[in-house]
Amino acid sequence: MKEFCRQIILTILILMPVVNPFFSGTSWAADSPEGLLASARNAEALGNASKAVALYRQCFKSSVVRDEAVMRVAALLLRSNELDRSQSLLEDFLEDHDVFSVTARLALAQVFQKKGELDQAMLELERVLGLRSNNIQALRLKALFLYEAGQYEASVAIVTDVLRSDPNDEDSRFIRASAFYSQKKPREALIDLLYLIRKNPLLLKALKLQAEIYYDLADYSLARTTWETVLKIEPQSVVVLEQLADIYVKLGKLDVATEYFRRCLSIDSGLVAVRTKLGKIYLQKGQRESARMEFEQALAVDSSYDPAQYNYLKLLLDEGRNDDAGRTLQSWFKDFPEKTWLASAYARILGLIGKQKEALYVMRRNMKASDYSVDAYIALAELQENFSLKEDSLETLQEGEEWYSAEVRLKKALAAFFVRQGESEKAEHKLQDVLKENRTLASADVELNQPVQTTATAVVLRGETLAEVSYRIYGTHKRWSVLFKANHDQISDPNRIVAGQVLKVPSWSRKVGL
């Protein structure tokens, strides 16, 4: 027995250097390049970012592990949104170690792009392509950056060249599909997406874009089928559940839509848009108490949410509770004087009860609070005309046109005003101006529509992510990075936003991420 144990111990001692190089005294020592890289990876895996970065930087001295260390530390800093630090580190590396490092320049290009410095990002990519003209990653990033800058044709041209050499390049094909969609070429986009989905039936980004396209084409049956496939992969996604609910509303299946909206709320009860949509369904079904409860709960989370305000107000007026509606409007206007639709509704009620001076004061206050927006000019002019102050109404519209000389809506409002006054020649002249400003108009419709509020800010709701804010504002969660760039002064980490933050909302321009 003793001899048997002795043989086992000898065998273990012989095998130990083979099993673990650290036992053998080889170059895998802790202070070797490979050992430092392994330690850095381990620190990163354990979530110790600062230690990982420090260890990766020590790896820069070794040409053996340098490229991987640069790539990893840059990705780590990018993820943590330490853009200035990432830029400084990469620039120091290029200056001190390897000015020709393709990996470092690609990483630096991504840093510049995330900082919104597109020219600098493109310059770094051109430097890479000067070193290696066929570098696929550089070409792909260049196409992506051009796409996000709205240069869709140039983006398509680049990825098309890439796809000629590698038809299975997934990211390039997805960029091209997204660019086609932004160019209003849904059929071409679907061809690329179907190619991707045949290769990988569970490719989420392709499935989601495909579902969006089907929805925009009003093919609700295919949109539903595609979103249901996505739901099997992401069963707890409130974005997917809400999309399906919206489709069932379009299909007239309100009970099914209600079920999906409730599932959303069971995951996150603070979804204001979902509560408002659910309240609208209850209104359609005649369930006023349930509708009121949903609108009130939505407003309790975000008292500034326009659709909830509008539908709650409509509910009060439909029930004949005019006094309650008036008091509610007065309270809201006090808190949100910049909202033109709200000011206009409040002013109309004041006008109905004979308080014209107060109504005009409300609209003038809104003019100032909204920074003299186009909607405010149109709403004030409309109110003045309703009060038979025609000269004042004309003066307001003309003043607005002076400030916004290329704004078609003001020209259409003036044309409509002249039509109502029987001045057909002036109306025709103004319609010619409309057509000059917008050559794509087949005809100029002079019917005045209700002013649409242009929201320049959005308030973060409880539990909301930046992607969910993007979906609430733009109808797509992909635009979170644009919101992040626009609010870089107050958001250091896109994964950490807090309820009550007021975010700047840039104008629409569809984005795509790899």
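See the structure shown above.
Every value quoted in this text rests on a predicted model; they were computed, and no experiment measured them.

Draft legend 1. A look at the overall build of the protein. Of regular secondary structure, the protein possesses 27 helices and two strands. Considering the protein as a whole, with its 514 residues, one finds that 47% of them fall into the buried category. Carbon together with sulfur atoms contributes 52% to the accessible area of the protein, which is approximately 26600 Å² in total.

Draft legend 2. Region of the structure containing unusual backbone geometry. Positive phi, close to 60°, is recorded for Lys184, a residue that is not glycine. One can find Lys184 in the loop between helix H10 (170-182) and helix H11 (186-199). For Asp371, which is not glycine, the phi dihedral falls at a positive 60°. Note that Asp371 resides in the loop between helix H21 (356-369) and helix H22 (374-386). Here Asp371 falls in the exposed class, since its relative accessible area comes to 62%.

Draft legend 3. Spatial organisation of helix H20 (residues 340-352). The terminal C-alpha atoms of H20, which comprises 13 residues, lie 18 Å apart, in line with the 18 Å expected from a rise of 1.5 Å per residue. Of all the 13 residues making up H20, 11 are buried; the element is thus mostly covered by neighbouring parts of the structure. Within the span of H20, buried status applies to Thr340, Trp341, Leu342, Ala343, Ser344, Ala345, Tyr346, Ala347, Ile349, Leu350 and Gly351. Along its buried surface, H20 packs onto helix H18 (306-318), helix H19 (322-335), H21 and H22. At the exit of H20 stands Gly354, carrying a positive phi of roughly 85°.

Draft legend 4. Here's a closer look at the packing of helix H13 (residues 220-233) against helix H14 (residues 238-250). Look at H13 against H14: their axes get within 10 Å of each other, and the N-to-C directions meet at 155°. It follows that H13 is roughly antiparallel to H14 by the angle criterion. Of the two possible hands of crossing, H13 and H14 adopt the one that is left-handed. Facing H13, whose interface residues are Tyr220, Ala223, Arg224, Trp227, Glu228, Val230 and Leu231, H14 presents Val240, Leu241, Gln243, Leu244, Ile247, Tyr248 and Lys250. Residue classes in the contact of H13 with H14 are distributed as 10 nonpolar, one polar and three charged.

Draft legend 5. Inspection of H14 at higher detail. Here H14 contains 13 residues, and its C-alpha end-to-end distance of 18 Å stays within 8% of the 18 Å for a straight helix at 1.5 Å per residue. Regarding H14, the residues found buried are Val238, Val239, Val240, Leu241, Glu242, Gln243, Leu244, Ala245, Asp246, Ile247 and Tyr248. Positive backbone phi, at 80°, marks Gly252, one or two positions downstream of H14.

Draft legend 6. Main features of the packing of aromatic side chains. As enumerated under the stated definition, the model contains eight aromatic pairs in all. Between the aromatic rings of Tyr310 and Trp341, the centroid separation amounts to 6.1 Å while the plane-to-plane angle is 70°, which identifies the pairing as edge-to-face. Taken together, the positions of Tyr310 in helix H18 and Trp341 in helix H20 put the pair 31 residues apart, joining distant regions of the chain. Residues Tyr377 and Tyr404 carry aromatic rings whose centres are separated by 6.4 Å and whose planes lie at 75° to one another, so their mutual orientation is edge-to-face. Residue Tyr377 is found in helix H22, and its partner Tyr404 is found in the loop between helix H23 (390-403) and helix H24 (408-420); the two are separated by 27 residues along the sequence. You can call Tyr404 partly exposed: its relative accessible area is 28%.

Draft legend 7. Quick look at the pattern of salt bridges. Summed over all chains, the structure comprises 31 salt bridges. The salt bridge involving Glu124 is made with Arg127; its shortest N-O contact spans 2.8 Å. With a gap of three residues between them, Glu124 and Arg127 both fall in helix H7 (residues 118-131), about one helical turn apart. In this structure Glu124 comes out as buried when scored by relative accessible area, which is 3%. Assessed through its relative accessible area of 39%, Arg127 is described here as partly exposed. Between Lys277 and Glu242 there is a salt bridge; the shortest N-O distance is 2.8 Å. Of this pair, Lys277 sits in helix H16 (residues 272-284) while Glu242 sits in helix H14, and the two are 35 residues apart along the sequence. Here Lys277 falls in the partly exposed class, since its relative accessible area comes to 26%. Members of the salt-bridge network, linked through shared partners, are Glu289, Arg292, Glu319, Arg321, Asp324 and Arg327.

Draft legend 8. Summary view of the side chain of Asn311. By the secondary structure assignment, Asn311 is in helix H18. On the basis of relative accessible area, Asn311 is assigned to the buried category, the value being 8%. Discounting residues that sit within four places of it in the chain, Asn311 has contacts with Thr276, Lys280 and Phe295.

Draft legend 9. Spotlight on the side chain of Lys339. Checked against the element boundaries, Lys339 lands in the loop between H19 and H20. The buried category is assigned to Lys339, whose relative accessible area is 7%. At a separation of 3.0 Å, a polar atom in the side chain of Lys339 contacts the side chain of Gln309.

Draft legend 10. Looking closely at a negative patch on the surface. Residues Glu391, Asp392, Glu395, Glu399 and Glu402 make up a contiguous surface patch of negative charge. Relative to the helices and strands, Glu399 resides in helix H23.

Draft legend 11. Summary view of the environment of Asp219. With respect to the helices and strands, Asp219 occurs in the loop between helix H12 (204-216) and H13. Placed 28 residues apart in sequence, Asp219 and Ile247 show a C-alpha to C-alpha distance of 9.7 Å.

Rules and cut-offs
Residues numbered from 1 in each chain as written. Predicted model: local features only at pLDDT ≥ 70, side-chain atom pairs only at ≥ 80, totals over all residues. Heavy atoms only, no water. Helix = DSSP H or I, 4+ residues; strand = E, 2+ residues; numbered from the N terminus. Buried < 20%, exposed > 50% of the residue type's maximum accessible area, 1.4 Å probe, protein only. Areas by Shrake-Rupley, 256 points an atom, 1.4 Å probe, with all protein chains shown as cover. Expected span 1.5 Å × (residues − 1). Contact = heavy atoms within 4.5 Å. Axes fitted to C-alpha atoms, helices over the stretch in contact; angles between N-to-C directions. Parallel < 35°, antiparallel > 145°, perpendicular 65-115°, else oblique. Left-handed = near helix turned anticlockwise from the far one by under 90°. Nonpolar A, V, L, I, M, F, W, Y, C, P; charged D, E, K, R; others polar. Phe/Tyr/Trp six-rings, centres within 6.5 Å; stacked < 30°, edge-to-face > 60°. Salt bridge = Lys/Arg side-chain N within 4 Å of Asp/Glu carboxyl O. Polar contact = N/O pair within 3.5 Å; in protein donor to acceptor, adjacent residues only side chain to side chain. Patch = residues over 30% accessible without salt bridge, like charges linked within 9 Å, V, L, I, M, F, W, Y side chains within 5 Å. Lys, Arg positive; Asp, Glu negative; His and termini not counted. Charge placed at Lys NZ, Arg CZ, Asp CG, Glu CD.

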